[in-house]
Amino acid sequence: MLKQRIITALILAPLALFAILYLPLFSFEIMIALVMGLGAWEWSSMSGMTRTFTKSAYAALVVVICMILSFLLPTDLIWYQGQLNSLYTYILSVAAIWWVVSLAMIIAYPSYTSVWYTSKILRGIFGFLTLIPTWVAVVSLRTSLYDVDPYYGASLIFYVLGIVWAADIGAFFVGVKFGKHKLRPEVSPGKTFEGLMGGVFASSAIIAFAALHYQVDPSRIWLHILVGALTVGVSALGDLNESMFKRCAGIKDSGTLLPGHGGIMDRIDSLTAAFPVFAFCYVMWMA
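Bear in mind that the values here come from a model prediction, so they are computed numbers and not experimental data.

Q: Account for the overall build of the chain, with residues named and values stated.
A: In terms of helices and strands, the chain carries eleven helices and four strands. Against the 2.2 N^0.38 benchmark of 19 Å for 287 residues, the chain shows a C-alpha radius of gyration of 18 Å, consistent with a compact globule. Taken along its principal axes, the extent of the C-alpha atoms in the chain is 50 × 45 × 40 Å. Considering the chain as a whole, with its 287 residues, one finds that 48% of them fall into the buried category. Taking all contacts inside the chain whose residues are at least 6 apart in sequence as the whole, residues at least 24 apart take part in 72%.

Q: Pulling in residues and values, what's your account of helix H2 (residues 25–46)?
A: Its 22 residues give H2 an end-to-end C-alpha distance of 31 Å, which sits within 8% of 32 Å, the value for a rise of 1.5 Å per residue. In the stretch just after H2, Gly48 is the one whose phi turns positive, near 95°.

Q: I'd like a rundown of the layout of surface pockets, residues and numbers included.
A: Of the voids in this model, the second largest pocket is the one considered here, and its volume is about 370 Å³. In terms of lining residues, the second largest pocket is bounded by 19 residues, among which Trp99, Leu103, Gly233, Val234 and Leu237 are the most central. The set of elements that each furnish at least two residues to the lining of the second largest pocket consists of helix H5 (86–108), strand E3 (182–184), helix H9 (193–213), helix H10 (221–249) and helix H11 (264–286). For the lining of the second largest pocket, the class distribution of residues is 17 nonpolar, one polar and one charged.

Q: Describe the side chain of Asn241, listing the residues and the values that go with them.
A: Note on placement: Asn241 falls in helix H10. The buried category is assigned to Asn241, whose relative accessible area is 1%. At 2.9 Å, the side chain of Asn241 and the side chain of Ser102 are in polar contact. Those residues in contact with Asn241, other than ones at most four positions away along the chain, are Trp43, Trp98, Trp99, Ser102, Ile106 and Thr130.

Q: Break down helix H7 (residues 120–143) for me, citing the residues and quoting the values.
A: If you check H7, its first and last C-alpha atoms are 35 Å apart, about what 24 residues at 1.5 Å a residue would give, namely 34 Å. Among the 24 residues in H7, 18 count as buried, and that is most of the element. Directly after H7, the chain includes Leu145, whose backbone phi takes a positive value near 55°.

Q: Explain the packing of aromatic side chains to me, and be specific about the residues and the numbers.
A: Tallying each qualifying case throughout the model produces 16 aromatic pairs. Ring centres 4.9 Å apart and planes at 50° place the aromatic pair Trp43 and Phe245 in the tilted group. In this pair, Trp43 sits in helix H2 while Phe245 sits in helix H10, placing the two residues 202 residues apart along the sequence. For Trp43, a relative accessible area of 0% translates into the label buried. Here the aromatic rings of Trp79 and Tyr282 are separated by 6.1 Å at their centres, their planes lie at 75°, and the arrangement is edge-to-face. Remark: Tyr282 occurs in helix H11 and Trp79 occurs in strand E1 (residues 79–80); sequence separation between them is 203 residues. Each member of the pair, Trp79 together with Tyr282, is buried.

Q: Can you tell me about a nonpolar patch on the surface, naming the residues and giving the values?
A: Judged by side-chain polarity, Ile7, Ile11, Leu12 and Leu15 come together as a nonpolar surface patch covering roughly 370 Å² of accessible area. Note that Leu15 resides in helix H1 (residues 2–22).

Q: Can you explain the packing of helix H3 (residues 52–72) against H7? Please cite residues and give values.
A: Two quantities define a packed helix pair, namely the angle between the helix axes and the distance between the axes. Between H3 and H7, whose axes approach to 10 Å, the crossing angle comes to 35°. Between H3 and H7 lies a crossing whose hand is right-handed. Of the residues in H7, those in contact with Tyr58, Leu61, Val62, Ile65, Cys66, Leu69 and Ser70 of H3 are Gly124, Gly127, Phe128, Leu131, Ile132, Trp135 and Val136.

Q: An account of unusual backbone geometry is requested, with residue identities and associated values reported.
A: For the bond from Tyr109 to Pro110, the omega torsion is 5°, close enough to zero to count as cis. At Gln81, a residue that is not glycine, the phi angle is positive and equals roughly 55°. Note on placement: Gln81 falls in the loop between E1 and strand E2 (83–84). On the basis of relative accessibility, which here comes to 67%, the residue Gln81 falls in the exposed class. Here Leu145, not a glycine, exhibits a phi torsion of approximately 55°, which is positive.

Here is what the cut-offs are and how they apply
- Residues numbered from 1 in each chain as written.
- Predicted model: local features only at pLDDT ≥ 70, side-chain atom pairs only at ≥ 80, totals over all residues.
- Heavy atoms only, no water.
- Helix = DSSP H or I, 4+ residues; strand = E, 2+ residues; numbered from the N terminus.
- Rg over C-alpha atoms; globule rule 2.2 N^0.38 Å.
- Buried < 20%, exposed > 50% of the residue type's maximum accessible area, 1.4 Å probe, protein only.
- Contact = heavy atoms within 4.5 Å.
- Expected span 1.5 Å × (residues − 1).
- 1 Å grid on protein atoms, 1.4 Å probe; cavity = no way out; pocket = protein on both sides within 12 Å on 5 of 7 lines; lining within 4 Å.
- Points joined across faces, edges and corners; volume = space filled by probe spheres on them.
- Nonpolar A, V, L, I, M, F, W, Y, C, P; charged D, E, K, R; others polar.
- Polar contact = N/O pair within 3.5 Å; in protein donor to acceptor, adjacent residues only side chain to side chain.
- Phe/Tyr/Trp six-rings, centres within 6.5 Å; stacked < 30°, edge-to-face > 60°.
- Patch = residues over 30% accessible without salt bridge, like charges linked within 9 Å, V, L, I, M, F, W, Y side chains within 5 Å.
- Areas by Shrake-Rupley, 256 points an atom, 1.4 Å probe, with all protein chains shown as cover.
- Salt bridge = Lys/Arg side-chain N within 4 Å of Asp/Glu carboxyl O.
- Axes fitted to C-alpha atoms, helices over the stretch in contact; angles between N-to-C directions.
- Left-handed = near helix turned anticlockwise from the far one by under 90°.

Encoded structure:
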């Protein structure tokens, strides 16, 4: 299993790096839409869909919605005079509300599960609220200040990836060594408060480095740190959210698309929360 994980990572990491840095923006939008489509295929299983046609239609619908948004807002219209288009801003706002709702669901679990679990349609809507705003967030960040610096948006994406991955690594090692108090044992028995704090601490170095790299005004450093810490915290929420849906569906992994890693959703679950929330904060207070 470890060998498979390493081989898969060695193949995917360079591809992701190339896509973020060098793909033309429209091609990048298509690629992210396809990744969301693969995630949607797995989400359909977590939603209780079993027929191949239904699952395929659900995944295709996610991709189509993303591409409709792309055609409605060509690259040069996504940002105008430093402001994100109102449609994308609205979607990110809805995503922020969704993650507050998701937090409430996780805290209440397993109580009130029957309110939403019995409806495949409702669980499918939850998938839309998770995946489509992720596409909007990644595209919004990648196109930010593109006319000034084509790589500025890429650096924002790497920033989010960096603090989330650092948090995952810190949470794992601190959790294994010191974890005693379970975060939400009914949802994910392995998550602990100590691990969460270890993840926040591990990501703080990248947050501090980014503050220096972007030459953040000293009077706004507190905001930079707050948004970074919030992004790390909500990434754990994304992980718990997927774990909750998998537990309800009675499955261990979201899929088998990535040898040694499980499914696409198993790898991007934390990012589906981190990217929309970070993008929302960036658009509202940091852009």
